[in-house]
Amino acid sequence: MTSSTALARLATGVLLVLAAGCAGAPGSGAAPDTLRWALGNAPNSLDIAHGFNDASTTVQFAVLDTMVAIGPDGQVVPRIAASWTHPDPHTYVFTLREGPRFSDGAPVTAEDAAYSLTRHLDPAVTSQAASYVTQVKKVEVTGPRTVKVTLRKPSPTFLATAALAWQIVPKKLAAAHPKDLGSPEVGTLGSGPFKVTKFSLASGVTLERNELYWGPKPALRRIEVKAISDPETLRLAVSSGEVDGTNDIQVSETRKWSALRGVTTVFYPANHIAYLSLGVREGPTKDVHVRRAIAHALNRGALATLMIGGHGGIADLMLPKPQVAALYGDKPPKLPAYPYDVNAAKAELAKSAYPRGFTLAAPYDSGGDDVKALQAIVADLAVIGVKLDLQPLPTEQYRQRMFSHQDTPLQLVDLVYGTPDPGEVLPDLVSRASAGPQGFNFSGYGSPETDARLDDLGKHEGADRAAAVTEVLAEIADQVPYVPLYSREAAVALRDRYTGRFGTWTADIFSGIRPAAGA
Amino acid sequence: MAFVARRLAAALLLLGVLSVLTYALLALAPGDPEQVLLGPRPSTAESRAAVRAQYHLDDPLPVRYAAWLGDAVRGDFGASLYSRESVTSVIADRLPVTAGLAGYAIVLTLAVGLPAGLVAAMRRGSPLDRGITLSALVALAIPPFAMSILLLYGFAVTLGWFPVFGAGETFAERVTHLTLPAIALATGQAAVVVRQMRAAALDLAGQDYMTFARARGVGRARYWFGYALRNTALPVLTVGGLLLAANLTGALFVERAFGLHGVGELLVSAVGQKDLPVVQALVLMGGAVVVAVNLLIDLAYLAVDPRVRHGAVAA
């Protein structure tokens, strides 16, 4: 029969194509000092001024040195700066290490270091890290290896942010490319443990060990960073051994990751906090009793279990847990808390102008899994007669609404911070300056007294500083513009051919990874 | 030639309208390029003002469009707001992957769809026809992303025959990497071609010229290709061309599932980021592809079917 022959030919054709495919299928024969790493997004820029996001900074910190770094316990430690002095509250003088060279062989000079900080203040650069260095007034080269930074007002936060934003790049390169340093076309040049040999948004980043690096030599010779945007594909890629690891793991997926054979998933506290913001300027949430009632009505334990499983815990203070630990050690202050108590919630509500409850709009980003948490919150609040009207919005539209500070009486906020210093968080949360459009004071809470307290944060160091932070936290706990919900962990998955050490403050994850013994 | 010139003029007009519409719609949609440029962290009032001035975000829409158009006609499509790289190199980076995938998928689609549809039509009502029609229906019902995950689990993870993600570097690697995505993309499209082909060829078997050809003892190859295929080619050419155009611009789900950084994925993320220069260039490219493919189809009509050719000359 003609038709059956045609079919047979067709089948053979398809098989041939398939067989051709199999011939070149991948093995896992890469050398053990070559690491294949996956990220959920492609890094968009190798310069923090234009790529201040997780994917980009992961690569930046492997390539670029910072002036100082954050140590394992959240303390600031030397990096390119061998040491620094703090002669008065407004001044820091850094002395550069002898010997660091950029990967092209040029020495790292004080000029390079100074320019690397001032460029974030240059409007032509429009740096994404500008808000981290607003306290800097002047940066001067005072000697062949010394750089003096003068602050507008005293700020202990400055050193911590310098570990993040003060990436050292060659002045000549940075000055020639204010707008596109770090782009795939321009690239970047650093003095860190690795150097970039390829960077493309489509096919990824390749790093090679920087043989000129001044510090301990990393165990890996080559790193291939690929972006896999679909979380399921990412997991399959790690599971099949096509990539060796990833630090892009959704907390809701941890069970799936932990179940993978041949893969170890390491968890550590993320510098993260999820909280409920209550608009204090208008509507029912203007009433402090309403806000306290809402805080009492939330079953935060159940919410934390729902959202993060065992990986993290309830947040008691309005700070990410690692910041609490860095500041207070294991003795956080005892502040008024609002334990889950329906009767107490009803009693608070009875004291308000809305004893019978009310309806509140709650816009949210329909793109993430916020809706899961919000549905639990809806159920909790319904018990005391507070009805939430959930309004799903596309991500962009939600962001616009959120940052316009219009019609956002109740919203779920989920943020990851960069430094161990509460000065990164508190002014954003409750200063009047950040209550306007584009600011991060979503509740609109603030007063001259609060601003004075925030100012006070900068004046103290050491134990006095902890006391000053406690005062601001106590005010937040009393007035409840925000209800802290939970802090989650972050995770790194690594195939068993490699081992690594990771922590909350590990900026350069690649230097800590090495081939496992016997691999 | 006048025909081609007319078509080109119409194409230019179409692209113009398309670019105005995209520009206006994207500008009116919520969100602001400012957000992309300033990143997710808190920004200062100074940098917000600087960004607005640098990128002319406060100019009226027509002024911004005119500036873009002025540069675009000179071949300068600007730089991506997200990666700060020139739009042409952003697209050039991605086009080979998408073009490879689209080409591979259309070859598979036609290689499976044409013979299957033709055979089904010629053996109309037979169990073979019913089998093919049913398979086509099932293939049509599976969304490409579901098919992608199925193929990934089966052939990449369980059997380990194919890589899970990425596009590979060398030609051989490219072929292995694109096989599963191409199959995922081709499954539904082959089904469309099968149905189209079957419909076009349904009354073929009863045609006098087919019977006569067979009676004359025409060779099997000539019978199938010269008579059957050629007489049913027009509608199938149209569908095939449109599928190719669609693959070149919108293979998003398959690209995502296989971690391919292609044009479809770029378009969606650029729209999300309000990366206007990239979106504009991609939409124009998509429009140009559709116009070009349609033009080629029309020209192919002339080549394949002498009746159209004579009609065109007469007109």
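Criteria and cut-off values
Residues numbered from 1 in each chain as written. Chains lettered and ligands numbered in written order. Predicted model: local features only at pLDDT ≥ 70, side-chain atom pairs only at ≥ 80, totals over all residues. Heavy atoms only, no water. Helix = DSSP H or I, 4+ residues; strand = E, 2+ residues; numbered from the N terminus. Buried < 20%, exposed > 50% of the residue type's maximum accessible area, 1.4 Å probe, protein only. Contact = heavy atoms within 4.5 Å. Areas by Shrake-Rupley, 256 points an atom, 1.4 Å probe, with all protein chains shown as cover. Lys, Arg positive; Asp, Glu negative; His and termini not counted. Charge placed at Lys NZ, Arg CZ, Asp CG, Glu CD. Phe/Tyr/Trp six-rings, centres within 6.5 Å; stacked < 30°, edge-to-face > 60°. Axes fitted to C-alpha atoms, helices over the stretch in contact; angles between N-to-C directions. Parallel < 35°, antiparallel > 145°, perpendicular 65-115°, else oblique. Nonpolar A, V, L, I, M, F, W, Y, C, P; charged D, E, K, R; others polar. Domains from an automatic or database assignment. Buried area = accessible area lost by both parts, 1.4 Å probe. Salt bridge = Lys/Arg side-chain N within 4 Å of Asp/Glu carboxyl O.

A. Examining the overall build of chain B more closely. Along its length, chain B carries 15 helices and 0 strands. The C-alpha extent of chain B, read off along each of the three principal axes, is 85 × 60 × 35 Å. For chain B, with 315 residues in total, the buried portion stands at 46%. Put simply, 74% of the contacts in chain B that link residues at least 6 apart link residues at least 24 apart. As presented, chain B carries roughly 14,500 Å² of accessible surface, and 71% of it is formed by carbon and sulfur atoms. Across chain B, the centroid of the 24 positively charged side chains sits 15 Å from that of the 19 negatively charged ones.

B. How the structure looks around the packing of aromatic side chains. Residues and elements named next belong to chain A. All chains considered together, the criterion is met by 20 aromatic pairs over all chains. Ring centres of Tyr 92 and Phe 158 lie 5.3 Å apart, and the angle between their planes is 45 degrees; on these two criteria the pair is classed as tilted. On the criterion of sequence distance, the pair formed by Tyr 92 in strand β5 (residues 91-96) and Phe 158 in helix α4 (residues 157-165) is long-range, its members being 66 residues apart. Overall, Tyr 92 belongs to the buried group, its relative accessible area being 3%. Judged by relative accessible area, which is 1%, Phe 158 ranks as buried. The rings of Trp 84, Tyr 92, Phe 94, Phe 158 and Trp 166 are connected pair by pair, giving a single aromatic cluster.

C. Summary view of the packing of helix α5 (residues 87-122) of chain B against helix α13 (residues 263-272) of chain B. All names here are of chain B. Orientation of α5 relative to α13, taken along the N-to-C sense of each, is 135 degrees, at an axis distance of 8 Å. Relative to α13, the element α5 is oriented oblique. Along the contact surface, α5 presents Val 90, Ile 91, Arg 94, Leu 95 and Thr 98, while α13 presents Val 263, Glu 265 and Leu 266. Classifying every residue of the contact of α5 with α13 by side-chain character gives 5 nonpolar, 1 polar and 2 charged.

D. Inspection of the domain arrangement of chain B at higher detail. Residues and elements named next belong to chain B. Each domain of chain B was delimited in the assignment, giving domain 1 (2-73) and domain 2 (94-314). Distance from the C-alpha centre of domain 1 to the C-alpha centre of domain 2: 34 Å. With 21 residues of domain 1 at the interface, the matching set in domain 2 holds 15 residues. Buried surface at the junction of domain 1 and domain 2, summed over both partners, amounts to about 1,600 Å²; 76% is from carbon and sulfur atoms. The tally of links between domain 1 and domain 2 comes to 1 salt bridge. Residue assignment for the side of domain 1 that touches domain 2 shows that the elements contributing at least two residues are α1 (2-28), α2 (33-38) and α4 (61-73). Per element, the largest residue contribution to the side of domain 1 that touches domain 2 is 12 residues, and it comes from α1. For the side of domain 1 that touches domain 2, the class distribution of residues is 15 nonpolar, 3 polar and 3 charged.

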